[in-house]
Amino acid sequence: TRSTRPQRMLKAVQKNATKGSPESVISAIDYFCKHSEWAMNVGDEKGSILDSVVTEVNPSTVLELGTYCGYSTVRIARLLSPGTKFITLEFNPANVTVARQIIAHAGLQDKVTVVEGSSGDLIPQMKERFGITTFDFIFLDHWKDRYLPDIKLFEECGLLRKGSVLLADNVICPGAPEYLEYVRNSPRYENRYYPAHLEYTKVEDGLEKSVFLG
Ligand SMILES: Cc1ncnc2c1ncn2[C@@H]1O[C@H](/C=C/CNC(=O)c2cc(-c3ccc(F)cc3)cc(O)c2O)C[C@H]1O
Ligand SMILES: [Mg+2]
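The model shown is predicted, which means the values in this text are computed figures rather than measured ones. (Residues numbered from 1 in each chain as written. Chains lettered and ligands numbered in written order. Predicted model: local features only at pLDDT ≥ 70, side-chain atom pairs only at ≥ 80, totals over all residues. Heavy atoms only, no water.)

1. Section: the pairing of strand E1 (residues 61-65)
Going by this rule: Between buried and exposed lies partly exposed: a residue is buried under 20% and exposed over 50% of the maximum accessible area for its type, with that area taken using a 1.4 Å probe on protein chains only. The secondary structure listing takes helices from DSSP runs of H or I that are at least 4 residues long and strands from runs of E that are at least 2 residues long, numbered from the N terminus. Whether two strands pair comes down to DSSP finding at least two bridges between them. Convention used here: a crossover is right-handed provided that the path from the first strand, over the helix, to the second strand proceeds clockwise when the strands point away from the viewer.
Counting buried positions over the 5 residues of E1 gives 5, a clear majority of the element. Of the two faces of E1, the one lined by Thr-61, Leu-63 and Leu-65 and the one lined by Val-62 and Glu-64 are each fully buried. The pairing of E1 with strand E2 (residues 85-90) spans 5 bridges and is classified as parallel. What sits directly across from Leu-63, in E2, is Ile-87. Traced from E1 through helix H4 (residues 71-77) to E2, the parallel crossover comes out right-handed. In this structure, E1 lies alongside strand E4 (residues 137-140), joined through 4 bridges in parallel fashion. If you follow Glu-64 over to E4, its bridge partner there is Phe-139.

Structure (structure tokens):
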């Protein structure tokens with residue numbers, strides 16, 4: 001049967017990227033998406049903004065929602081200090097399989113745990129399953145209608161502390177209007193919008209950074 005786009009992306013990484021080099025894995029995926037098939041990775045332009053926020057926060061605990069093929073997982077993991085706890089959630093088992101191989105090709109398999117399942121089920125289990133009390137940095141890049149319910153879940157589960165940083169992809173395209181309205185109207189968050197473009201296109205998009213004020 002026909003291969004899937006994630007599988008073709010994995011093949012491109014295995015063929016073109018140097019094993020153990022996160023930068024070459026990132027470049028190989030960006031090349032594949034620019035010259036072969038578009039895919040919904042955060043991409044190089046928004047990825048550079050992601051890099052700068054991760055570097056600024058220098059987190060000890062990190063959560064990513066929506067691993068997909070592991071592109072942003074590799075971008076984040078390559079910047080983390082040793083000993084950082086990094087968890088990424090993905091409910092499609094086929095994506096989990098591809099992502100684990102792409103992360104391993106980058107040599108970052110010991111830096112991140114890919115957990116199969118839905119964020120709604122897994123977020124309440126973070127403390128008991130992974131011994132995590134609060135997250136310093138959270139990257140939201142899963143189904144856009146899950147951003148709002150999940151930030152509320154973080155609050156209810158006590159997973160945010162004063163200064164926790166949330167960074168949300170696609171707040172313009174495809175858009176997360178309810179999430180944006182919530183964080184921008186809540187006195188508990190300080191927000192900043194980073195204008196950019198939809199990965200590998202000239203379409204307007206951007207990232208929203210929200211700092212929890214406690
Ligand atoms: C709730 C939950 N828990 C765990 N994993 C979850 C989850 N919801 C989705 N996921 C997983 O994340 C991934 C989904 C991400 C959703 N991202 C998107 O739908 C998405 C879509 C576009 C886009 C823009 C313009 C267009 F014309 C077409 C597409 C661009 C992007 O950057 C995106 O992240 C894969 C899925 O299995
Ligand atoms: Mg995205």
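2. Comments concerning the side chain of Asp-51
Convention followed: By the criterion applied in these results, polar contacts are pairs of N or O atoms within 3.5 Å in which, for protein atoms, one can donate a hydrogen and the other can accept it, and in which residues neighboring in sequence qualify only through two side-chain atoms.
As for its placement among the helices and strands, Asp-51 is situated in helix H3 (residues 43-57). Note on Asp-51: relative accessible area 11%, which makes it buried. Only 2.7 Å separates the side chain of Asp-51 from the side chain of Arg-75, close enough to count as a polar contact. In this structure the side chain of Asp-51 is engaged in a polar contact, spanning 2.9 Å, whose partner is the side chain of Arg-78.

3. Side note on the sheet that holds E2
This is how it is decided: In this description, a line fitted to the C-alpha atoms serves as the axis of each element, helices being fitted only across the stretch in contact, and the angle between N-to-C directions of two axes falls anywhere from 0 to 180 degrees. Contacts are residue-level and defined by heavy atoms, with any inter-residue pair within 4.5 Å sufficient.
The strand order E3-E2-E1-E4-E5-E7-E6 describes an open sheet built from 7 strands, whose pairing is mixed. What marks the edges here is a single partner per strand, and that holds for strand E3 (113-116) and strand E6 (189-197). Between one strand and the next, the sheet's axes are offset by a mean angle of 15°, whatever the strand orientation. Relative to strand E5 (residues 165-168), E4 is paired through 4 bridges, and the arrangement is parallel. By the bridge assignment, Ile-138 is partnered in E5 with Leu-166. Where H3 meets the sheet, it contacts E4, E5, E6 and strand E7 (204-212), and its direction lies at approximately 150° from that of E6.

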